[in-house]
Amino acid sequence: MSELLTFFQSHQQAMTDYLTKLVSYETPTLDKPAVEALGGFMESEFKQMGAAVTRYPQEKVGDFLLAKWNADAPGKPIMFLIHIDTVWPIGTLAERPTRIDADGKLFGPGAIDMKGGITVTMWAIKGLIERGELPNRPIWVLMTSDEEVGSIYSEPVIKEAAAQAGLVLVMEPATKEEALKTWRKGVGTYHLDIHGRPSHAGNAPEQGLNSVIEFAQQALKLHALNDYKNGTSVSVTVVKGGTVFNVIPEFTSAQVDVRTMTARAWGDIQQVMENLTPFIPGIKLEVSLHHARGPMEHNDLMKATYAQCKQIGESYGLTIREDGSGGGSDGNFTAHMGIPTLDGLGPQGDGLHALHEHVVLASLPRRATLLAALLKDWKF
Ligand SMILES: [Zn+2]
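A few points on the structure. From a predicted model like this one, the values you see are computed outputs, not experimental measurements.

In space, the 6 strands of this open sheet follow the order E1-E2-E6-E3-E7-E16, with mixed pairing throughout. The two strands at the open ends of the sheet, each matched to only one other strand, are strand E1 (52–56) and strand E16 (341–342). Pairing of strand E3 (residues 78–83) with strand E7 (residues 167–170), which is carried by 4 bridges, proceeds in the parallel orientation. If you follow methionine 79 over to E7, its bridge partner there is valine 168. Helix H3 (residues 32–48) rests against E1, strand E2 (64–69) and strand E6 (139–144) of the sheet, and its axis sits at about 10 degrees to E2. In this fold helix H6 (residues 155–162) packs onto E1, E2, E3, E6 and E7, with an angle of close to 170 degrees to the strand it touches most, E6.

Rendered as structure tokens:
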């Protein structure tokens, strides 16, 4: 048990109140005014805590904010990555109000994803300020608001900021065993548009080019790319084709969910997808990639980054574990760029995007301690 941990444990109730306050703002990604309400609260918090704040105005989603402490201090910044949007529509809170059960779990929409992560970020910095221990190094918090729709607007902002950082701390939830996430699969959705030629199925079937039959052959080819043992999956998940029963179908579209553990496998699949050629002469194939996040690899850089985190955490009396996820986060972007990245730094809990979504409140002080310790002791 460290003194820093004792300090944050003595603030557990205040952190719980803070989390409850954040959950009280309902922030579905595409409801800009609702998200701006929390954005406004965050901005005033950042400023009150002494940060310089830059705003990135957005049309469709809540504005992004970049808060900086000690901007002129030497060394590369440590950058927290948080998103204030959730998957829950307005009204969820009225149906499922925030509650704390007898085991000290706080239930509420967006509690674990990721208002708990925001809570520990703010408290790690607040705590260090209160103790007069905020280290003289650049500390950044990049707040986005579109993670739950694939960071379609924030991706370039995240990449630009991350390129200047020496360490990126992604505040997505820990696992339910409180483990960090030191790998995430690459995730992407390929869209396949297949253009054939329509024809009457009775009068002139031979004059048609059947896009469904073309799709069927492509689907089998894609399915054969699955390599579950090595973490590669290629799943045809959506298909739409044809119009009416007596017409050879001109158009078929499909979506293919691709996931890989390594950058190499990611590139291999990309190669195959970009070079698909039609089985049926005359058919036209269009392939495009959407919502792509390359893998956060469990490579040497990740192993070294995690090893330092574990060593620092343990020196403050914490137990540090690692695990991974088949799903992506904004950490995929930064890790894929080769920037040292730690993910799953939010509190312990479970039920992301589900009805049993909750935060284990006792983990809030532990995570705030870990973050504060990383800020104090991290060496590049
Ligand atoms: Zn999240």
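Core analysis: the largest hydrophobic core is formed by 89 residues, its most contacted members being Met79, Leu81, Trp140, Leu169 and Leu371. Per-element tally for this core: the top contributor is helix H5 (residues 111–130), with 10 residues. Looking at which domains feed residues into this core, each of domain 1 (3–184 + 295–377) and domain 2 (186–293) gives three or more. When near neighbours in sequence (up to four residues on either side) are disregarded, leucine 371 contacts Val120, Thr121, Ala124, Leu169 and Leu345.

Between the first and last C-alpha of H3 there are 24 Å, a value that for 17 residues agrees with the 24 Å anticipated at 1.5 Å per step. Taken together, the buried positions of H3 are Val35, Leu38, Gly39, Met42 and Phe46. Angular distribution of buried residues about the axis of H3 spans 110 degrees; they occupy a single face of the element. Along H3, exposed side chains directed more than 90 degrees from the buried face belong to Pro33, Ser44, Lys47 and Gln48. Packed against the buried residues of H3 are E1, E2 and E6. A positive backbone phi angle near 90 degrees is found at glycine 50, which sits one or two residues after H3.

Parameters and conventions
Residues numbered from 1 in each chain as written. Predicted model: local features only at pLDDT ≥ 70, side-chain atom pairs only at ≥ 80, totals over all residues. Pairing = 2+ DSSP bridges. Helix = DSSP H or I, 4+ residues; strand = E, 2+ residues; numbered from the N terminus. Contact = placed C-beta atoms within 7 Å. Axes fitted to C-alpha atoms, helices over the stretch in contact; angles between N-to-C directions. Core = buried A, V, L, I, M, F, W, Y, C linked by C-beta atoms within 7 Å. Buried ≥ 20, exposed ≤ 12 C-beta atoms within 10 Å, placed from the backbone. Domains from an automatic or database assignment. Expected span 1.5 Å × (residues − 1). Arc of directions from axis to C-beta.

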